[in-house]
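Spelled out from the first residue to the last, the chains are:
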Amino acid sequence: MSLKNMRKFSITDKLVVASIFISVITIIIVASFSFYRTKDAILERTFNQLTSVRVIKTNLIEKFFNTCIKEVKLAKSSSDIINLTQQINDTRNIFNYENKDDLKPKNNLFLKEVSEDYYNRILIISKSGNIFFIKNSEKGCDNSISDFEDLINKTTENSIFIKDYSKNDSCNYITLSSVILSKENEYEGIIVFEISSKPIDAVMLENNPSGGLGKSGESYLV
């Protein structure tokens, strides 16, 4: 085919081709820019949402433990608990006692309410080495005084001792303990609250896709 027979591109054709080329390049640039901007916006929004979930759960957990600490302080200073601990110190062979009606604090609404949901076990360890369970819902846990020696040694008069989960414990719970003092400010024993996992799981575990973590989201207590 000779050059004479070849179709020559007119200026109009060249302008059309140039316009299409420029349009395609523009579309690619705009699409790429929009994609990365949208990706960054989605990641930022997701991160902010997860941060909000973290802050909310942190506040809920902190409020829960603050409530538990207040209840321990209230319990250890209760006249019923002090009198009960003194009775335990004066009673022989009370080891693992939990059903003695004459030792149970009667009509104590606080103990009835505080034992209801949050705590797995509530017990008093007297200075004489006796163990008395105000609440004991866990079966199969070791209940000898040797199992509480570390707790007894670390519980001081000036603060609430919080013991974290431990692989070595037969009953693995977060434990709060405090010293019980008589009205004369004498050491009588310690009171121990074992926190149940249910209220913590209720905060940390969430099977709600609209709650911020989707269907497969998890949150961890550290």
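Rules used throughout
The residue count restarts for each chain, going from 1 along the sequence in the order it is written. Per-residue local features of the predicted model are confined to residues with pLDDT of at least 70, and side-chain atom pairs are confined, for both listing and counting, to 80 or more; whole-chain, interface and lining totals are unaffected and use all residues. Only heavy atoms go into the side-chain values, all of them from the structure, while hydrogens and water stay out. For helices the rule is a DSSP run of H or I covering at least 4 residues; for strands it is a run of E covering at least 2, with both sets numbered from the N terminus onward. In the analysis that follows, any N or O atom pair within 3.5 Å is treated as a polar contact, provided that within protein one partner can donate a hydrogen and the other can accept it, and provided that, for residues neighboring in sequence, both atoms belong to side chains. We define the nonpolar core as a collection of buried residues of types Ala, Val, Leu, Ile, Met, Phe, Trp, Tyr and Cys that are connected through side-chain atoms lying within 4.5 Å of one another. Buried residues are those whose accessible area, probed at 1.4 Å on protein chains only, stays under 20% of the maximum for their type, while exposed residues exceed 50% and partly exposed ones sit between those limits. Between two residues, a contact is recorded if the distance between any of their heavy atoms is within 4.5 Å. A pair of strands is labelled paired if DSSP reports no fewer than 2 bridges between them. The convention used is that axes are lines fitted to C-alpha atoms, helices contributing only their stretch in contact, and that angles between N-to-C directions extend from 0 to 180 degrees.

1. With respect to the environment of Asn130
(1) Moving on: Note on placement: Asn130 falls in the loop between strand S1 (119–126) and strand S2 (131–136).
(2) Moving on: Along the backbone, Asn130 and Thr91 are 39 residues apart, and their C-alpha atoms lie at a distance of 8.5 Å.
(3) Moving on: From its side chain, Asn130 meets the backbone oxygen of Ile88 in a polar contact 2.9 Å long.
(4) Moving on: A distance of 3.2 Å separates the side chain of Asn130 from the side chain of Ser128, its partner in a polar contact.

2. Section: the nonpolar core
(1) Moving on: Of all hydrophobic cores here, the largest spans 25 residues; its most connected members are Ile124, Leu176, Ile191, Phe193, Ile195 and Ile200.
(2) Moving on: At the level of elements, helix H1 (11–76), helix H2 (79–90), S1, S2, strand S4 (174–181), strand S5 (187–195) and helix H5 (197–204) are the ones that each hand at least two residues to this core.
(3) Moving on: At six residues, the largest contribution of residues to this core is made by H1.
(4) Moving on: With residues near it in sequence (within four places) discarded, Ile200 still touches Ile61, Phe64, Phe65, Tyr165, Ile174, Ile195 and Leu221.

3. What to know about the sheet that holds S5
Backbone-to-backbone hydrogen bonds pair the strands of a sheet. The strands run either parallel or antiparallel.
(1) Moving on: With antiparallel pairing, five strands are arranged side by side in an open sheet as S2-S1-S5-S4-S3. With partners counted over all chains shown, the strands left at the sheet margins are S2 and strand S3 (161–163), one partner each. Across the sheet, the mean angle separating the axes of adjacent strands is 20 degrees when strand polarity is ignored.
(2) Moving on: Relative to S4, S3 is paired through three bridges, and the arrangement is antiparallel. Bridge assignment links Ile162 to a residue of S4, and that residue is Leu176.

Function cannot be inferred from these measures alone, as they are strictly geometric.
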